[in-house]
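Summary of structural features
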Amino acid sequence: MTVKKVAIGGGPALEISTLDGPSRGAAWGDDNTIVAASGAPETGLLRIAPAGGEPAVLTKPNRERGEADHLYPHVLPGSKSILFTITALTGSIDTAQVAVLDVPTGAWRTLIRGASQAQYVPSGHLVYPAGGALWAVAFDVSRLEVIGTAVVVVPQVVTLPTGAAEFDIARDGTLVYVGHGGTSAAPRTLVWVDRRGRETTSRRARAPRST
């Protein structure tokens, strides 16, 4: 898969790198480094320099510990730590774990079991899908520790066969998501919404993302 970037103000898309498989999430750190994941199980998280080029391997799944792949990276403030999802060699996405990588040492550890795709929000929480719902739990970003008990934020959120939940969170904490309407729900069409609230239908869009 080819990784490209385009200016928010518009302009041509610029090719900066190529992944070794289909995309399984990417995040842009505040040091301008891009951390990505692919569907190739031989590698886990990949780091792409601001100028682009060949990705550098950050992690490789530990088969001895039952890890199948490392997906859905989310770079924490300071770019020294990265949240990501560990999928298991056996079982569904429900057996996944949210982990945190210490970039300087290359070591990682589990934060939440039975969860995936966590994102940090400025309120000091992690928001993540588990069991078809979106949850939030307090998080000490300096000590990289979960605090207290998680609570449900959205009771039902659409999850794709890949395990990716249809949600995203803007830097100001605004949450966008696709709710699960059940089999009787009317067909949905994703739209582009600009900062003035104007909508434009986008038939090619598949998952909501904030900017």
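1. Quick look at the overall build of the protein chain
Across its full length, the protein chain holds 0 helices and 18 strands. Put simply, the protein chain has 211 residues, and 40% of those count as buried. Summed over its atoms, the accessible surface of the protein chain is roughly 12200 Å², and 52% of this surface lies on carbon and sulfur atoms.

2. Here we look at the sheet that holds strand E6 (residues 56-57)
The strand order across the open sheet built from 4 strands is E3-E4-E5-E6, with neighbouring strands paired in antiparallel fashion. Edge positions in the sheet fall to strand E3 (23-28) and E6, since each has one partner strand and no second. Relative to strand E4 (residues 34-38), E3 runs antiparallel, the two being bridged by 4 bridges. Residue pairing in the sheet places Ala27 in a bridge with Val35 of E4.

3. With respect to the sheet that holds strand E8 (residues 81-88)
Strand order in the open sheet formed by 4 strands is E7-E8-E9-E10, and the pairing between neighbours is antiparallel. Each of the sheet's edge strands pairs with one partner strand only, and the pair in question is strand E7 (67-75) and strand E10 (107-113). Within this sheet the neighbouring strands show an average axis-to-axis angle of 30°, counted without direction.

4. Observations regarding the pairing of strand E14 (residues 145-154)
As defined by bridge partners, strand E13 (residues 133-140) adjoins E14 across 6 bridges and the pair is classed as antiparallel. Opposite Phe139, over in E14, you have Val146 as the bridge partner. Between E13 and the antiparallel strand that follows it, E14, lie 4 residues; Leu144 among them carries a positive phi value of about 55°.

5. A few points about the environment of Ile16
As for its position among the elements, Ile16 is in strand E2 (residues 14-18). Along the backbone, Ile16 and Gly53 are 37 residues apart, and their C-alpha atoms lie at a distance of 6.1 Å.

6. A look at the pairing of E4
Of all 5 residues in E4, 5 are buried; the element is thus mostly enclosed. On E4, burial covers both faces: Ile34, Ala36 and Ser38 on one face and Val35 and Ala37 on the other are all buried. Taking the residues between adjacent antiparallel strands as the criterion, E3 and E4 are bridged by 5 residues, where Asn32 takes a positive phi near 70°. Pairing of E4 with strand E5 (residues 45-48), which is carried by 4 bridges, proceeds in the antiparallel orientation.

7. Here we look at the confidence of the model for the protein chain
Of all residues in the protein chain, 88% have pLDDT values of 70 or greater, and the mean over the chain is 87. Mean pLDDT across the elements of the protein chain ranges from a minimum in strand E18 (residues 199-201), with 66, to a maximum in strand E9 (residues 97-102), with 97.

8. Considering the environment of Val100
Within the element layout of this structure, Val100 appears in strand E9. It is 4.5 Å that separates the C-alpha atoms of Val100 and Leu83, two residues lying 17 residues apart in sequence. The contacts of Val100, once residues within four sequence positions are left out, are Leu76, Ser81, Ile82, Leu83, Phe84, Ala107, Trp108, Arg109, Leu111 and Leu144.

Cut-offs applied
Residues numbered from 1 in each chain as written. Predicted model: local features only at pLDDT ≥ 70, side-chain atom pairs only at ≥ 80, totals over all residues. Heavy atoms only, no water. Helix = DSSP H or I, 4+ residues; strand = E, 2+ residues; numbered from the N terminus. Buried < 20%, exposed > 50% of the residue type's maximum accessible area, 1.4 Å probe, protein only. Areas by Shrake-Rupley, 256 points an atom, 1.4 Å probe, with all protein chains shown as cover. Pairing = 2+ DSSP bridges. Axes fitted to C-alpha atoms, helices over the stretch in contact; angles between N-to-C directions. pLDDT = per-residue confidence, 0-100. Contact = heavy atoms within 4.5 Å.

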